[in-house]
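A look at the structure
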Amino acid sequence: MKKYILSLDQGTTSSRTVLFDENGIICGISQKETKQIYPKHGWVEQDPIEIYQSQLQTLKDVVKDNHINHASIVAIGITNQRETTVVWNKKTGKAIYNAIIWQDKRTSDYCKGLKNQGLEETVKEKTGLVIDSYFSATKIKWILENVPNAKKQAENGELLFGTIDTWLLWNLTQGKVHATDYSNASRTLLFNINTLQWDDDLLKTFEIPKTLLPEVKDSSCLFGDFNFNGKNIPIAGIAGDQQAALFGQACFEKGDTKSTYGTGCFLLMNTGEKPQYSNNGLLTTIAWGINNKIYYALEGSVFNAGSAIQWLRDSLEIINSAKETETIANKIKDDYSVFVVPAFSGLGAPYWDMEARGAIFGLTQDTGKNQIIKATLEAIAYQCKDLIIAMQEDSKVVLSALKVDGGASANNYLMQFQADVLNVKIERAKVLESTAQGAAFLAGIGIGLWKIEDILRNRDIEKEFIPEMEERKRIKLYKTWGKAVKRSMNWED
Ligand code: ADP
């Protein structure tokens, strides 16, 4: 009988289950949108029950729609939106508040206060992260302080905390397992990435009792069983979405790097078995734990990538679809007169300037919309180059290839320009579902179905983009990009 693995991919806007066969090939996908709740400006929540129910529904649907026998499902992997926080009652299993989503900024002022106390360096050393409302710790603190009676219940050991992986695992195992993996733990702002323990000092700072926290395990191991119509299926792989994508892209060696081109861009570089701290504003995070070894990664993100293409379509209304940007850019291939800096919401690493705003440079009487379209695409590639330069500086590793995925990686002009401006080969994977694939791989390895070598052997590249641009031009363009960024900075007062 053929064997299958279910990969549960719980994202910010939808729950999906992807069905993989024993050769790592996708045989089916089921997806359900999830609702976001915005109670106040800057607040973002979701209903934890909806998160679990929608996930469970997609699991059942994909099995039913593809006529899969339950007995042939050999493992489940979980990958999830990271940092999102749920606190629930251990006895009743009921969440005491909505899930607070990673985007939620309600604890920003509190974070500023911590920074003013000079805690930033200690927190960076312990967790690899910066003090920000993005991560789980301050969200847990907020729930404990704002839900009536929660603090007392927490002190009495009646409450549990989990990121979404933990919440799903706890529900799938009917309350038997309260655990997470290293990659998710490393996004809470409570986990010491050196000692690999929940950090007592940080727990004290955030006033969070240790009894709330899940056990932290390897990303690929037996977490517990999901009873599916009488059959126990092992849940054997867990990783946060970006780390899962890094794994799915087979970035197993130090220096291996992936870039996901979606609404924003997420870049992660595997930095091997030691944490690599950044002098350029990148995050240090745990990539995964496997075979009792911990692998670390450097992470950086571009705030506006695909969203800049949406801006061309929805705000400027100069394109009808994202796809046509490729043809338009190719039409005026040699025209580099215009530079767009899409700093719509400020600039992230390596600039970290929240006062920067978007700008277009190089306009003349002849400039038409096509130059702006082309320059917007190119801005995505320049921003990724900024991050890769920072990663190379921090890790002292020179990139030999960049593995890409995500919706906008379908754009051949963008990928060729990325290769040109980086002077690095780009490898576009055949399976663009790297996140789900990563969780499936971790689960498959967790039950002994696959080995790392099998995954490397079976990884198919759909297309390679080889750098073609001459050096002088590359250097000149990137210098001009730097000038444009500088002039867009510090705009808001
Ligand atoms: P997310 O997971 O962040 O929702 P996706 O991976 O689905 O993003 O990618 C969608 C984003 O990529 C959108 O912002 C869209 O504008 C952009 N995009 C999709 N196709 C293309 C294309 N061919 N060229 C440029 N951008 C594209």
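Check the entry above for the structure.
All chains use their own residue numbering, which begins from 1 and follows the written sequence. The predicted nature of this model means local features are confined to residues of pLDDT at least 70 and side-chain atom pairs, given and counted, to a pLDDT of 80 or more, with totals for whole chains, interfaces and linings taken over all residues. Calculated side-chain values reflect all of the structure's heavy atoms, with hydrogen atoms and water omitted.

**Regarding unusual backbone geometry**
The omega torsion across A349 and P350 is 0°, close enough to zero to call that bond cis. On the secondary structure map, P350 appears in the loop between β19 (339-341) and β20 (359-361). For Q174, which is not glycine, the phi dihedral falls at a positive 55°. You can see Q174 is positioned in the loop between α6 (164-172) and β9 (179-181). Of note in this structure, A250 is not a glycine but carries a positive phi near 60°. Overall, the relative accessible area of 1% leaves A250 in the buried class. Starting at the N terminus, helices and strands are each numbered in turn, a helix being any DSSP run of H or I of at least four residues and a strand any DSSP run of E of at least two. Relative accessibility decides the category of a residue: with a 1.4 Å probe and only protein chains considered, values under 20% of the type maximum give buried, values over 50% give exposed, and everything between is partly exposed.

**Examining the site of the ligand**
As a matter of local geometry, the ligand sits amid 14 residues, with T263, G306, Q310, G407 and N411 nearest to it. Within 3.5 Å is the distance limit for a polar contact, defined as a pair of N or O atoms, with the added protein rule that one can donate a hydrogen and the other accept it, and that residues adjacent in sequence qualify only through two side-chain atoms. Taking G306, its main chain carries an N or O atom lying 3.1 Å from an oxygen atom of the ligand. Per-residue and other accessible areas were derived by the Shrake-Rupley procedure at a 1.4 Å probe size, with only the shown protein chains allowed to occlude residues. Against a free-state accessible area of 570 Å², the protein chains account for coverage of 65% of the ligand. Counting residues per element, the shell around the ligand draws most heavily on helix α10 (residues 306-314), which supplies four residues. Residue polarity is assigned by list, with Asp, Glu, Lys and Arg as charged and Ala, Val, Leu, Ile, Met, Phe, Trp, Tyr, Cys and Pro as nonpolar; anything else, Gly included, falls into the polar class. Of the residues contributing to the shell around the ligand, the split by class is four nonpolar, nine polar and one charged. Being near a molecule or strand, for a residue, comes down to having at least one heavy atom within 4 Å of it.

**Things to note about helix α9 (residues 241-248)**
Counting along an α-helix, one turn takes 3.6 residues, and residues three or four places apart therefore face a common direction. Here α9 lies mainly inside the structure; eight of its eight residues are buried. Along α9, the residues that are buried comprise D241, Q242, Q243, A244, A245, L246, F247 and G248. Positioned one or two residues after α9, A250 has a phi angle of 60°, which is positive.

**Re the side chain of Q418**
Here Q418 shows up in helix α13 (residues 412-422). At 3.1 Å, the side chain of Q418 and the backbone oxygen of A381 are in polar contact. Among all residues touching Q418, those that are not within four sequence positions of it are Y261, I380, A381, C384, K385, L402 and I426. Residues count as neighbours in contact if any of their non-hydrogen atoms are within 4.5 Å of one another.

**A look at the sheet that holds strand β21 (residues 401-405)**
The pairing criterion for strands is at least two bridges between them, as found by DSSP. Spatial strand order, β17-β18-β16-β15-β21-β22-β23: seven strands in an open sheet with mixed pairing. This sheet does not close on itself; its edge strands, each paired only once, are β17 (283-290) and β23 (461-465). Looking at each pair of strands side by side, their axes are set apart by 25° on average, direction ignored. Alignment of β21 against strand β22 (residues 425-429), held across four bridges, turns out to be parallel. The residue bridging K403 from the neighbouring strand is E427, located in β22. The convention used is that axes are lines fitted to C-alpha atoms, helices contributing only their stretch in contact, and that angles between N-to-C directions extend from 0 to 180 degrees.

**Some thoughts on the nonpolar core**
Think of a nonpolar core as a cluster: buried Ala, Val, Leu, Ile, Met, Phe, Trp, Tyr and Cys residues, connected wherever their side-chain atoms sit within 4.5 Å. Ranked by size, the top nonpolar core spans 56 residues in total, and within it Y261, L402 and F417 carry the most contacts. For this core, the element with the most residues is helix α12 (residues 369-395), which contributes 13 residues. If we skip the residues at most four places from it in the chain, F417 touches Y336, E378, A381, Y382, M469 and L477. Residues I100, A137, L159 and W198 belong to the second largest nonpolar core, which totals 37 residues.

**Examining the environment of K210**
Summarising the element assignment, K210 is placed in the loop between α8 (200-206) and β12 (215-217). Sequence-wise, K210 and L160 are 50 residues apart; in three dimensions their C-alpha atoms are separated by 9.6 Å.

**Thoughts on the side chain of T84**
Positionally, T84 belongs in the loop between β5 (73-80) and β6 (86-89). Residue T84 is classed as buried on the basis of its relative accessible area of 0%. A polar side-chain atom of T84 sits 2.8 Å from a polar atom in the side chain of Q81.

**Description of the environment of G444**
Examined against the element boundaries, G444 turns out to sit in helix α14 (residues 434-446). Residue G444 is classed as buried on the basis of its relative accessible area of 0%. When the C-alpha positions of G444 and G482 are compared, they lie 44 Å apart, and in sequence the two are 38 residues distant. Discounting residues that sit within four places of it in the chain, G444 has contacts with I5, L449 and W450.

**Describing a positive patch on the surface**
Residues with no salt bridge and a relative accessible area higher than 30% make up the patches, which join like charges within 9 Å and nonpolar side chains (Val, Leu, Ile, Met, Phe, Trp, Tyr) within 5 Å. Salt bridge, as used here, is a side-chain nitrogen of Lys or Arg placed within 4 Å of a carboxyl oxygen of Asp or Glu. Only four residue types enter the tally: Lys and Arg on the positive side, Asp and Glu on the negative side; His and the chain ends are excluded. By convention, the point assigned to a charge is CZ for Arg, NZ for Lys, CD for Glu and CG for Asp. Taken together, the side chains of K476, K479, K483 and R487 present a region of like positive charge at the surface. Mapping K479 onto the fold places it in helix α16 (residues 471-488). Judged by relative accessible area, which is 65%, K479 ranks as exposed.

**Let's talk about the pairing of strand β3 (residues 26-33)**
Pairing of strand β2 (residues 14-21) with β3 involves seven bridges; the strand directions are antiparallel. In the strand pairing of β3, F20 is matched with I26.

**Section: the pairing of β17**
For β17, the buried fraction is high: eight of the eight residues fall into the buried class. The turn joining β17 and strand β18 (residues 293-302), which pair antiparallel and follow one another in sequence, is formed by two residues; a positive phi near 50° is taken by N291.

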